Amino acid sequence: MTLGSALMVVFSKNPVHSVIFLIIAFFAISGHYILLNAQFLAVVNIIVYAGAIMVLFLFVIMLMNLNANLELKKSRLLRFAGFLAGLCLFLILVAALKDAGTKSQIAETNTGSIGLIKNLGTALFTDYVVPFEISSVLFLSAMVGAVVIGKKE
Amino acid sequence: MPINYYIFVAIALFCIGVIGVLTRRNAIIIFMCVELMLNAANLLLVAFSKMHHATGAAQNANAGIEGQLFVFFIMVVAAAEVSVGLAIIVMLYRNTHSVDVNFLNRLKH
């Protein structure tokens, strides 16, 4: 389901449909997180990606009033070359990692408590408090940057 | 669940993102494909964090928690990146009345 909706993001003509399929893909990825018992990340993924970021995308698309067939196509050769390059990357990565040493390793599902909010919060505010504060500064600068770029001349 | 399955899902997701970036011309869709690639990396980080937890939980009850914190920080950075990137796309649209990346091949005027 993740892969199917991700494919539809790439191949759907209308940008609004792409956004909808991307939301479905994010929900499917959140499902993967829940299966891995990373509940905090699942919730954050839904709130941040499916909530905030997708609303931004939809807002921008509707602001620009994009139509479905407005987009010019790349030439057939260029599209085919891009598709082939992606496929080659996929094959090479699969072939390289097929026999990697992690073959017998298990990612445990439905157990373990490291994904719970309590443990993650404790680690975040004790060992990783400096990066956390730096990320707040990053947010502030990103906000100022977005406002400056979006401002009319 | 063997870690290999997660590796293959993440590779496939990443490659779909790459194909999207290479084949589309709409700047917004290219941007969404970049988000897809970021999410592939996140998924793999969480899977490896759980794998590390499965092997190292005997010595350290919190083994593998760093991976999930990295995913958290990646999400933070992605949110900041999206806000700036969409501002750039809006400015591009205001200048050229299109979101076609081929009009960007010269950065002047």
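Just so it is clear, the model here is predicted, and its values are computed rather than measured. (Residues numbered from 1 in each chain as written. Chains lettered and ligands numbered in written order. Predicted model: local features only at pLDDT ≥ 70, side-chain atom pairs only at ≥ 80, totals over all residues. Heavy atoms only, no water.)

Here we come to the nonpolar core. Counting residues in each nonpolar core, the largest one holds 58 residues, and the members touching the most others are Tyr33(A), Leu41(A), Met54(A), Phe57(A), Ile28(B) and Ile89(B). Elements supplying a minimum of two residues to this core: helix 2 (15-35), helix 3 (39-64) and helix 5 (117-126) of chain A together with helix 1 (3-23), helix 2 (27-56) and helix 3 (65-96) of chain B. Summarising the domain contributions, this core has at least three residues from each of domain 1 (1-81) and domain 2 (113-153) of chain A. (Core = buried A, V, L, I, M, F, W, Y, C linked by side-chain atoms within 4.5 Å. Buried < 20%, exposed > 50% of the residue type's maximum accessible area, 1.4 Å probe, protein only. Helix = DSSP H or I, 4+ residues; strand = E, 2+ residues; numbered from the N terminus. Domains from an automatic or database assignment.)

Bringing the packing of helix 3 of chain A against helix 2 of chain B into the picture now. Relative orientation of the contacting elements helix 3 of chain A and helix 2 of chain B amounts to 175°, with a least axis distance of 12 Å. As summarised for this structure, helix 3 of chain A and helix 2 of chain B are arranged roughly antiparallel, according to the angle between their axes. Judged by residue contacts, Leu41(A), Asn45(A), Tyr49(A), Ile53(A), Phe57(A), Val60(A), Ile61(A) and Met64(A) of helix 3 of chain A engage Ile28(B), Phe31(B), Met32(B), Glu35(B), Leu38(B), Asn39(B), Asn42(B) and Val46(B) from helix 2 of chain B. For the contact of helix 3 of chain A with helix 2 of chain B, a count of residues per class yields 12 nonpolar, three polar and one charged. (Axes fitted to C-alpha atoms, helices over the stretch in contact; angles between N-to-C directions. Parallel < 35°, antiparallel > 145°, perpendicular 65-115°, else oblique. Contact = heavy atoms within 4.5 Å. Nonpolar A, V, L, I, M, F, W, Y, C, P; charged D, E, K, R; others polar.)

Residues and elements named next belong to chain B. Helix 3 packs onto helix 2 with a crossing angle of 175° between their chain directions and a minimal axis gap of 9 Å. As far as their axial angle goes, helix 3 and helix 2 are roughly antiparallel. Here helix 2 contributes Ala27, Ile28, Phe31, Val34, Glu35, Leu38, Asn42, Leu45, Val46, Ser49 and Lys50 to the contact with helix 3, which in turn contributes Gly67, Gln68, Phe70, Val71, Ile74, Met75, Ala78, Glu81, Val82, Gly85, Leu86 and Ile89. By residue class, the composition of the contact of helix 2 with helix 3 is 15 nonpolar, five polar and three charged.

Moving on, we come to the packing of aromatic side chains. One pass over the structure, following the stated rule, counts five aromatic pairs over all chains. An aromatic cluster is present here, built from Phe40(A), Phe72(B) and Phe73(B) joined pairwise through their rings. (Phe/Tyr/Trp six-rings, centres within 6.5 Å; stacked < 30°, edge-to-face > 60°.)

Among the surface-exposed residues, Leu140(A), Met143(A), Val144(A) and Val148(A) lie close enough to one another that they form a single nonpolar patch of about 390 Å² accessible area. Within the element layout of this structure, Val144(A) appears in helix 6 (residues 129-150). (Patch = residues over 30% accessible without salt bridge, like charges linked within 9 Å, V, L, I, M, F, W, Y side chains within 5 Å. Areas by Shrake-Rupley, 256 points an atom, 1.4 Å probe, with all protein chains shown as cover. Salt bridge = Lys/Arg side-chain N within 4 Å of Asp/Glu carboxyl O.)

Here we come to the interface of chain B and chain A. The interface of chain B with chain A comprises 72 residues on the first partner and 77 residues on the second. Roughly 6900 Å² of surface becomes buried between chain B and chain A when both sides are summed, with 77% attributable to carbon and sulfur atoms. It is Met32(B), Lys50(B) and Met75(B) that lose the most area in chain B upon contact with chain A, and together they represent 10% of the buried surface on that side. Applying the counting criterion to the chain B and chain A interface returns zero salt bridges. If you look at where chain B meets chain A, you find one residue pair in polar contact (both at pLDDT 80 or more). Among the elements of the structure, helix 1, helix 2 and helix 3 of chain B are those that each provide at least two residues to the side of chain B that touches chain A. Among the elements that make up the side of chain B that touches chain A, the one with the highest residue count is helix 3 of chain B (24 residues). Its residues assigned to classes, the side of chain B that touches chain A comprises 52 nonpolar, 13 polar and seven charged. (Buried area = accessible area lost by both parts, 1.4 Å probe. Polar contact = N/O pair within 3.5 Å; in protein donor to acceptor, adjacent residues only side chain to side chain.)

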